[in-house]
Amino acid sequence: MTELAAHGIEVTLPAGWEGRVFKRPGAGEVTSAAEGAPAAAGESTNAVVHVATIPLPIGVGDFASGAVDDLGRDDALIVLFEYDPASADQPLFQASGLPKRLSPDDFSPTMLQRTIRGQAGSQKFFHDQGRAFCLYVVLGAFANRRRVVPQVNDVLSTMTIAAATPSASAIEPTTSAPSTTAPTTTSAPTTTTEPTTTTTAPTTTTAPATTTTGAP
Amino acid sequence: MAVLVTLLAVVLALLALLVAGLLRSHAEILRALHQLGVDMDPASDGTGVTTAVGAPVVRSAQVPKRPSRTAADVVGTTPEHDAISIAVIGAKQLTLLAFLSSGCGSCHAFWDVFRDGGPVEVPGGARLVCVSKDPSEESVASIRRLAPLDIPTVMSSAAWAAYDVPVAPFFVLVDGASGDVIGEGAANEWGQVQSLLRTALDDAGLLDRKGNLRADRAGKPRADAQREARADRDLLAAGIKPGDPSLYSLPSAELPPTAESG
């Protein structure tokens, strides 16, 4: 069992699972080659969690594009993607609390960012501790969902979300309406870039649970 | 007076003996470190120790298996300060942990190969993971600069302790299925590491008669891996790195027509 904690999110991983809790580099931050370019001015970035039963490659998309192809029939991949906290009170995120118990019936082969034969996905939008999230889970095989989903639930049961620690700049009111930052559909994510990065005001560089730049 | 002179001579002789002993001990330590691939030469330019001309000197060394040691998952932070956990125990594939630092000259040779040498072929198809010490003991900026694009790099002093790493660079090969350390050693060239790994795999009975990983342990088909490696290489050669916006958008010629255009 290993514990991962960063950006106000904690998760305990059973043997055979691995993961990463990260945040894309914000505007103006120094980045490494592995991170890619920082966000453009005026964009904010938030926490992303990837945990899986497969080796996670470097540089996968926010919704794990580049990793799902490697899922075997008994594998699973969990993505917890945070949207801008300003979206937390939007209707899409009205469900409260991280779903810790998924049902095999929550999964569908059509609920994938990119349809891959045999795989299935599930996604849940919710708010927790004043933060807005999408939980996106991919199974390597829809046919094995009854066997694999309990393993997913074991991991989800250990996941906790802490309240965002507002930075000084985040206390300032934003100039953009949060409604435009939330996804407008409940279909599977169709892009690996954060929807929040297009309309968020420059002052809303909220650092969930930490006040330092990206430090876990 | 004669007694005093004699006494001083004896003391001088004893001191000379002591200094000679210390110098010899120091030389033996340096020689041992050199054999393990650690260059303590202050005149070294920091670019590695493989520039000597002449007969090749094998500086790799297998460490006798230490039965008390067990494998452990690698948990730490990335050079970008993110939290990361690498599954080693229970992993379906072999894992090769490369314990490297930013300071040792020999390590730079490996950083260079892993970062700039194209796809790294690891015997047994093992997953390569670079492990440095914690940010409190390492230069994060240096590790960020040295870390390869496509190989996980974890900063974890706990992993160094768990695997009882005696020196850098040091390599540990773990069989995830059994959780056993099946090989470990020091080297200062990637070719030497590959040789050590093949020996370790053979000793562990994981190779078939042709020297390939046994079919029941093989992971992704080699053709897939080669195709991916070729695509990665071509993209990198074109200056397209992970996260490049062009990977996530259609070329303008393929964009759907707008209402105005039809």
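Residues numbered from 1 in each chain as written. Chains lettered and ligands numbered in written order. Predicted model: local features only at pLDDT ≥ 70, side-chain atom pairs only at ≥ 80, totals over all residues.

**Quick look at the overall build of chain A**
What counts is decided by this rule: Strands are runs of DSSP state E lasting at least 2 residues, helices are runs of H or I lasting at least 4, and numbering of each runs from the N terminus. Whether a residue is buried, exposed or partly exposed is read from the other C-beta atoms within 10 Å of its own C-beta, which are placed from the backbone; 20 or more gives buried, 12 or fewer gives exposed, and intermediate counts give partly exposed. What counts as a contact here is a pair of residues whose C-beta atoms, placed from the backbone, lie within 7 Å.
The helix and strand inventory of chain A stands at two helices and eight strands. Secondary structure elements in chain A, listed N-terminal to C-terminal, are β-β-β-β-β-β-β-α-β-α. A total of 216 residues make up chain A; the buried ones form 50% of that total. The long-range share in chain A, meaning contacts at least 24 apart out of those at least 6 apart in sequence, stands at 69%.

**What about unusual backbone geometry?**
That bond from Ala168(B) to Pro169(B) is cis: its omega, 0°, falls within 30 degrees of zero. Summarising the element assignment, Pro169(B) is placed in the loop between α4 (157-162) and β7 (170-175). The residue His7(A) is not glycine, and still its phi comes out positive at about 55°. Despite not being glycine, Ala64(A) has its phi angle at roughly 70°, a positive value. Inspection of the secondary structure puts Ala64(A) in the loop between β4 (47-52) and β5 (76-83).

**Describing the pairing of strand β4 (residues 94-99) of chain B**
Residues and elements named next belong to chain B. Rules: DSSP calls a pair of strands paired once it identifies at least 2 bridges connecting them.
For β4, the tally of buried residues reaches six of six residues, placing the bulk of the element in the interior. Burial along β4 is two-sided: the residues Leu 94, Leu 96 and Ala 98 and Thr 95, Leu 97 and Phe 99 are all buried. Here five bridges tie β4 to strand β5 (residues 127-132), and the two strands are oriented parallel to one another. Across the sheet, residue Thr 95 finds its bridge partner in β5, namely Arg 127.

**Things to note about the sheet that holds strand β2 (residues 9-13) of chain A**
All names here are of chain A. With antiparallel pairing, three strands are arranged side by side in an open sheet as β1-β2-β8. Lying at the two open borders of the sheet, with one neighbouring strand each, are β1 (2-6) and β8 (160-161). As defined by bridge partners, β1 adjoins β2 across five bridges and the pair is classed as antiparallel. Pairing of Ala 5 across the sheet is with Glu 10, part of β2.

**Description of helix α2 (residues 105-116) of chain B**
We apply this condition: One less than the number of residues in a helix, times 1.5 Å, gives the span that helix is expected to have.
Look at α2(B): 17 Å from first C-alpha to last across twelve residues, which is about the 16 Å you get at 1.5 Å a residue. Elements that come into contact with the buried residues of α2(B) comprise β4, β5, α3 (140-146) and α5 (190-203) of chain B.

**A few points about the environment of Trp111(B)**
Residue and element names in this part refer to chain B. Positionally, Trp 111 belongs in helix α2. The class of Trp 111 is buried, set by 25 C-beta atoms lying within 10 Å. Spatially, the C-alpha atom of Trp 111 lies 6.8 Å from that of Ala 147, the residues being 36 residues apart in sequence.

**Topic: the confidence of the model for chain A**
Parts of the model with low pLDDT should not have their predicted coordinates read in detail. Rules: Note: pLDDT gives the predictor's confidence per residue, expressed from 0 to 100.
Here chain A averages 78 in pLDDT, while 69% of its residues score no lower than 70. This model gives residues 167-216 of chain A a pLDDT under 50, and the stretch forms 114 contacts once residues within four places in sequence are excluded.

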